Amino acid sequence: MSKATKHLRRILLYTLIIAVCLATNLPLLSMLGTAFKPSGEVMANTSLFTGNPSLENFTKVAQKTSFPRAIANTCIIALFVVGFCVVFASMAGFSVSRARGKIFSGFTMLLLILQMIPGILVMIPLFSTLRALKLVDTHISLVLIYISTNLPFGILTMKGFFDSIPTDLDEAAMIDGASPYQTYWKIIFPTALPGMISVAVYTLMSVWNEFAIANIFIQSSELQTLSVGLRQFQLQTTTDWGAMSAAATLACIPAFLFLIIAQKYLISGMTSGAVKG
């Protein structure tokens, strides 16, 4: 095969990749384009981007709606849920990975079974229980539910990651006189950082995009999360597409920044946790 043919094939391949990427991200590009359109062009201008970009929609969202509060509420809830799941999933995953016996094997099977149960099946008894505890319409209810739904997956993920870490590290630390507590925090914990980042990213995306639970358990507008807060731009007879696009753009920024920071650990954690030994 000649160099010209190889060069042509490479150009065609890259062109195809770019076309697929553009087609896949077309909704995102449309959201960005609509967010920067003046209110008079949102419905009148059918082009993807406007020639007169404006921050009018962002100003409206920031000053005339409660959506910034919804973003703050989501950040607070996500911080508690992610922190709890990462810490406890790492400790539980380490215990399940290193321990042997029917009890721990049964616990692992229980986690798999919990992952297969549709959440909607337990929504009514869960609502009744939280209402009896006077936790409905509070952030505590969302934190408890999000932790219970994300923790099993986090434990399974961390177990797979710890299975890939040789037990020689544990034994060497114990020979040097380290206690199990010191072995975990000083030896295993730093080694498992990529796996923890993977759990953190998954948990954050789950909390950040969740709608059904937040819509059921939160009624007060000042306690709404961002996924529920986006509904305020859907009016009775129409939808404020400019403001909604601006709000959706703002909602993507924190999660996008977190992914950029964590991306170098994410691939390592996903691949290491998927292979044993």
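Note that the coordinates shown come from a computational prediction; the quantities given were computed from them, not determined experimentally.

### Regarding the environment of C75
Then step 1. Note that C75 resides in helix α4 (residues 67-98).
Then step 2. C75 gets classed as partly exposed once you look at its relative accessible area, which sits at 32%.

### A closer look at the confidence of the model for the chain
Detailed reading of the predicted model is not advised wherever pLDDT is low.
Then step 1. Averaged over the chain, the pLDDT score is 83; the fraction of residues at 70 or greater is 93%.
Then step 2. Taken together, the stretch residues 272-277 has pLDDT below 50 and engages in ten contacts with residues farther than four places along the chain or on a different chain.

### Details of the nonpolar core
For soluble globular proteins, nonpolar side chains are generally found buried alongside one another.
Then step 1. F67, V81, L142, Y146, F162 and F217 are the most contacted members of the largest nonpolar core, which totals 52 residues.
Then step 2. Looking at this core, the element that brings in the most residues is α4, giving eleven residues.
Then step 3. For V81, the contacting residues outside a window of four places in its chain are V143, Y146, I147, T203 and V207.

### Quick look at helix α3 (residues 56-64)
Then step 1. Every buried residue belonging to α3 is among N57, F58 and V61, and all of these are buried. All buried residues of α3 fall inside an arc of 100 degrees around its axis, so they share one side. Residues of α3 that are exposed and angled more than 90 degrees away from the buried face: Q63 and K64.

### Some points on the layout of surface pockets
Then step 1. What the largest pocket holds in volume is close to 520 Å³.
Then step 2. Lining the largest pocket are 21 residues, and of these L114, I117, G119, S148 and T149 sit closest to its centre.
Then step 3. Those elements that place two or more of their residues in the lining of the largest pocket are α5 (102-116), α6 (123-132), α7 (139-163), α10 (193-209) and α11 (212-217).
Then step 4. At six residues, the largest contribution of residues to the lining of the largest pocket is made by α7.
Then step 5. For the lining of the largest pocket, the class distribution of residues is 14 nonpolar, six polar and one charged.
Then step 6. Taken as a whole, the second largest pocket encloses approximately 250 Å³ of empty space.
Then step 7. Along its surface, the second largest pocket is lined by 13 residues, and W208, N209, L226, A251 and C252 are the ones closest to its centre.
Then step 8. Counting residues per element, the ones that place at least two in the lining of the second largest pocket are α10, α12 (226-229) and α13 (241-273).
Then step 9. The dominant element in the lining of the second largest pocket, judged by the number of residues it contributes, is α13, at six residues.
Then step 10. Of the residues contributing to the lining of the second largest pocket, the split by class is eleven nonpolar, two polar and no charged.

### Points about a nonpolar patch on the surface
Then step 1. The grouping of F107, M109, L110, L112, I113, L114, M116, I117, I120, L121 and V122 at the surface amounts to a nonpolar patch, some 1,000 Å² of accessible area in total.
Then step 2. Within the element layout of this structure, I120 appears in the loop between α5 and α6.
Then step 3. Assessed through its relative accessible area of 62%, I120 is described here as exposed.

### Quick look at the side chain of T34
Then step 1. Here T34 shows up in helix α2 (residues 26-35).
Then step 2. Of the residues examined, T34 reaches a relative accessible area of 12% and is grouped as buried.
Then step 3. Excluding anything up to four places from it in sequence, T34 contacts V42, L48, N57, W241, G242 and S245.

### With respect to the side chain of K37
Then step 1. With respect to the element layout, K37 can be found in the loop between α2 and α3.
Then step 2. A polar contact of 2.7 Å, which involves the side chain of K37, links it to the backbone oxygen of S47.
Then step 3. K37 has contacts with V42, N45, T46, S47, L48, T50 and N57, leaving out every residue within four places of it along the chain.

The rules we used
- Residues numbered from 1 in each chain as written.
- Predicted model: local features only at pLDDT ≥ 70, side-chain atom pairs only at ≥ 80, totals over all residues.
- Heavy atoms only, no water.
- Helix = DSSP H or I, 4+ residues; strand = E, 2+ residues; numbered from the N terminus.
- Buried < 20%, exposed > 50% of the residue type's maximum accessible area, 1.4 Å probe, protein only.
- pLDDT = per-residue confidence, 0-100.
- Contact = heavy atoms within 4.5 Å.
- Core = buried A, V, L, I, M, F, W, Y, C linked by side-chain atoms within 4.5 Å.
- Arc of directions from axis to C-beta.
- 1 Å grid on protein atoms, 1.4 Å probe; cavity = no way out; pocket = protein on both sides within 12 Å on 5 of 7 lines; lining within 4 Å.
- Points joined across faces, edges and corners; volume = space filled by probe spheres on them.
- Nonpolar A, V, L, I, M, F, W, Y, C, P; charged D, E, K, R; others polar.
- Patch = residues over 30% accessible without salt bridge, like charges linked within 9 Å, V, L, I, M, F, W, Y side chains within 5 Å.
- Areas by Shrake-Rupley, 256 points an atom, 1.4 Å probe, with all protein chains shown as cover.
- Salt bridge = Lys/Arg side-chain N within 4 Å of Asp/Glu carboxyl O.
- Polar contact = N/O pair within 3.5 Å; in protein donor to acceptor, adjacent residues only side chain to side chain.

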